[in-house]
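Observations on the model geometry
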Amino acid sequence: MALRMWGSSTASALKISCASKPHLYLSRCFSTVLDGLKYAESHEWVKHEGSVATIDITDHAQDHLGEVVFVELPEPGGSVSKGKGFGAVESVKATSDVNSPISGEIVEVNSKLSEAPGLINSSPYEEGWMIKVKPSSPSELESLMGSTEYTKFCEEEDASH
Amino acid sequence: MLLPQTRNIGLPMMNLMRFKGLPILQQLHIEEQLLRTSSENWCIINDGTNDPTIVMGVSGKPAELLEIESVLHDQVPVIRRFTGGGTVIVDHETIFVTFICNKEAVPDLQPYPRSIMSWSGSLYSKVFQGIGDFRLRENDYVFGNHKFGGNAQSITKNKWIHHTSFLWDFNVRNMAYLKLPKRAPAYRSARGHLDFICRLNDYMPRSTFIDKTVEAAGTQFSLRSLELEAIETCLETEFRPSTRFLTSEELEVAAAVAGQ
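Residues numbered from 1 in each chain as written. Chains lettered and ligands numbered in written order. Predicted model: local features only at pLDDT ≥ 70, side-chain atom pairs only at ≥ 80, totals over all residues. Heavy atoms only, no water.

Re the overall build of chain B
Heads up, the rule is: Elements are defined by DSSP. Helices are runs of H or I of four residues or more, strands are runs of E of two residues or more, and each kind is numbered from the N terminus. Burial classes follow relative accessibility: with a 1.4 Å probe on protein chains only, a residue under 20% of its type's maximum area counts as buried, one over 50% as exposed, and anything between as partly exposed. Residues are treated as being in contact if the distance between any of their heavy atoms lies within 4.5 Å.
The secondary structure content of chain B amounts to 9 helices and 12 strands. Its C-alpha atoms give chain B principal-axis dimensions of roughly 65 × 45 × 30 Å. Expressed as a percentage of its 260 residues, the buried residues of chain B come to 54%. If you take every contact in chain B between residues at least 6 apart in sequence, the share linking residues at least 24 apart comes to 78%.

Encoded structure:
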């Protein structure tokens, strides 16, 4: 996500939830960070399961973007590159690039988002997923942040503003 | 005696380009390319565009937003731009102001839509200080509850753009090409175009608005005027902008699908 974390006296606190309990969401005052996922500094997450990696923006990202009204996604069969944009979301009169945390071939795109872009807001870690990728360089996942590191990253960004 | 430049020591540099009557498609192409390929900050001011043109946001659906039959009959050009937001019809009475900034250009500014608009609203508050009841209201620039400027944005990994079309004046007839949007701010209260918008002309002379905008930008950036010719050789020839005209065929298909 093309953004940095917002800091204010009432900044969102970040809590870690276990991926085994995906429905354990906290109050809307808090952004959820799921354990078991990997995170990019640009606020996308990736879940690597077998030969496929699922990618989307984080709960904190969607919260700061506001209501998503349109999602621009690539076609299956295309490729993504680590750190490069692959699509965009529109919210509050703005298009915001979404960047891929890893490189690979796009094997599936979430077609539900064309009719229900708000899934990104309501279900950022489940139904709102954007693309599934076959990683071309699995070692790229190692350079991403885990949940604890991402939480700390967000807290440090908050503190710097 | 202090030289003017010394007041700007420490401020980030911003290139200022001023046009008069530049075609809106060309303006948008320049903006999109600068956003995607330039590492510098930019302010672009275009004092009017040549022909009346409809400009939709990236996700705009012609059948929902336009009176397509009239648009086709009168051959009004329709552009889909690269930023979000709504639909406007622009002409020589529209003044365009654009800011393209690196994410570090404005201290403590988060590159989120509402944060950027809060910054721009603050900048324009300086322009309109003491003039009308100016404010940023539900993401629109208004005097009271009348909108006079439509804005939109695009945010990339390292940069953002905020561009605005200000209604210095407008042709009432042109508004008839636009339908009432399904998504509208609450303060619009279902008002038609003519009851919802107002003219900047009623509040401030044209040249004063432009001069004050440059002055306001100059309080935050060290401005350097550039001509288009100076950057044309630097613009990447391989860049392909997404902003484009919609074809008549596309509009006809949109109308047919919508059952118009």
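Picking up after the structure, the text goes on.
Digging into the overall build of chain A
The line we're drawing: Accessible surface area values rest on a Shrake-Rupley calculation with a 1.4 Å probe, where residue burial reflects the displayed protein chains alone.
Scanning chain A from terminus to terminus reveals 4 helices and 11 strands. Relative to its full complement of 161 residues, chain A shows a buried share of 52%. The contacts in chain A between residues at least 6 apart in sequence include a share of 66% that link residues at least 24 apart. When the accessible surface of chain A is split by element, carbon and sulfur atoms take 50% of a total near 7000 Å².

With respect to the packing of aromatic side chains
All names here are of chain B. Operational definition: Put simply, two rings from Phe, Tyr or Trp (the six-membered ring, in Trp's case) pair if the centres are within 6.5 Å, and we call them stacked under 30 degrees between planes, edge-to-face over 60, tilted for the rest.
Inspection of every chain in the model, using the stated rule, returns 21 aromatic pairs over all chains. Ring geometry for Trp119 and Trp160: centres 5.4 Å apart, planes at 70°, overall edge-to-face. With Trp119 in helix α4 (residues 113–127) and Trp160 in strand β10 (residues 159–167), this residue pair connects regions lying 41 residues apart in the sequence. Here Trp160 falls in the buried class, since its relative accessible area comes to 1%. Aromatic pair Tyr124 and Phe166: ring centres 5.1 Å apart, planes at 65°, arrangement edge-to-face.

Here's the deal with the side chain of Thr87(B)
Residues and elements named next belong to chain B. Mapping Thr87 onto the fold places it in the loop between β4 (78–80) and β5 (88–90). On the basis of relative accessibility, which here comes to 19%, the residue Thr87 falls in the buried class. Residues contacting Thr87, with those up to four places away along its chain left out, are Ile54, Val55, Met56, Leu65, Leu66 and Leu178.

Quick word on the nonpolar core
In plain terms, the rule: Buried Ala, Val, Leu, Ile, Met, Phe, Trp, Tyr and Cys residues that are joined via side-chain atoms within 4.5 Å together make up what is termed a nonpolar core.
Membership of the largest hydrophobic core comes to 35 residues, with the highest contact counts inside it found for Phe99(B), Tyr124(B), Phe128(B) and Phe209(B). Those elements that provide at least two residues to this core are β1 (13–20), β2 (41–47), β6 (94–102), α4, β8 (140–143), β9 (146–155), β10 and α7 (206–218) of chain B. Ignoring sequence-local partners within four residues, the contact set of Phe209(B) consists of Ile95(B), Val97(B), Tyr124(B), Val127(B), Phe128(B), Phe166(B), Leu200(B) and Met204(B). If you look at the next biggest cluster of nonpolar residues, it comprises 24 residues, including Val68(A), Val80(A), Phe86(A) and Ile102(A).

Looking at helix α1 (residues 24–37) of chain B
Since the α-helix packs 3.6 residues into each turn, any two residues three or four apart lie on the same face. Selection rule: In a helix, the anticipated span is given by 1.5 Å times the number of residues less one.
Between its first and last C-alpha, α1(B) extends 20 Å over 14 residues, near the 20 Å set by a 1.5 Å rise per residue. Among all positions in α1(B), only Ile24(B), Leu25(B), Gln27(B), Leu28(B), Ile30(B), Glu31(B), Glu32(B), Gln33(B), Leu34(B) and Leu35(B) are buried.

Side note on the pattern of salt bridges
Residues and elements named next belong to chain B. How we decide: Should a side-chain nitrogen of Lys or Arg be within 4 Å of a carboxyl oxygen of Asp or Glu, the pair is scored as a salt bridge.
In total, this model carries 14 salt bridges over all chains according to the counting rule given. Measuring nitrogen to oxygen at the nearest pair gives 2.7 Å for the salt bridge that ties Arg206 to Asp47. A residue pair is termed long-range when its members are at least 10 positions apart, and Arg206 in helix α7 and Asp47 in strand β2 qualify at 159 residues. With a relative accessible area of 15%, Asp47 lands in the buried category.

With respect to the UniProt feature "modified residue: N6-lipoyllysine" (unreviewed entry) in chain A
What counts is decided by this rule: UniProt positions are given in the numbering used here, feature names are shortened, and annotations may be inferred rather than shown by experiment.
Here, UniProt's "modified residue: N6-lipoyllysine" (unreviewed entry) annotation points to Lys93(A). Take Lys93(A): it is sitting in the loop between β8 (85–91) and β9 (94–99). By relative accessible area, which is 17% here, Lys93(A) ends up buried. Leaving out residues up to four positions away in the same chain, Lys93(A) has contacts with Gly84(B), Gly85(B), Asn139(B), Asp140(B), Asn151(B), Ala152(B) and Gln153(B).

Remarks on the environment of Asp158(A)
In this fold, Asp158(A) is placed in helix α4 (residues 147–159). The spatial distance from the C-alpha of Asp158(A) to the C-alpha of Pro74(A) is 32 Å, given a sequence separation of 84 residues.

Examining the state of the cysteines
Residues and elements named next belong to chain B. To keep things clear, this is the line we draw: Throughout, disulfides are identified as pairs of cysteine sulfur atoms within 2.5 Å of each other.
Tallied over the entire structure, the rule returns 0 disulfides over all chains. Looking at Cys43, it has no disulfide partner, and the nearest cysteine sulfur is the one in Cys101, 8.8 Å off. When its relative accessible area of 2% is taken as the criterion, Cys43 is described as buried.

A closer look at the environment of Glu252(B)
All names here are of chain B. Considering the arrangement of structural elements, one finds Glu252 in helix α9 (residues 248–258). For Glu252, a relative accessible area of 44% translates into the label partly exposed. As a C-alpha pair, Glu252 and Glu69 span 183 residues in sequence and 8.4 Å in three-dimensional space.

Observations concerning the interface of chain A and chain B
As a reminder, the rule being used: A quick way to say it: buried area is the sum, across both parts, of accessible area lost when two parts are put together, with a 1.4 Å probe. We define a polar contact as two N or O atoms separated by no more than 3.5 Å, with the added condition that, inside protein, one atom must be a possible hydrogen donor and the other a possible acceptor, whereas residues neighbouring each other in sequence contribute only through side-chain atom pairs.
Contact with chain A, which involves 25 residues of that partner, is made by 26 residues of chain B. Both sides of the chain A and chain B interface together cover about 2200 Å² of buried area, and 52% of this is carbon and sulfur. The tally of links from chain A across to chain B stands at 2 salt bridges. With a closest N to O distance of 2.7 Å, Asp140(B) and Lys93(A) form a salt bridge. Here chain A and chain B share 14 residue pairs in polar contact (both at pLDDT 80 or more) between them.

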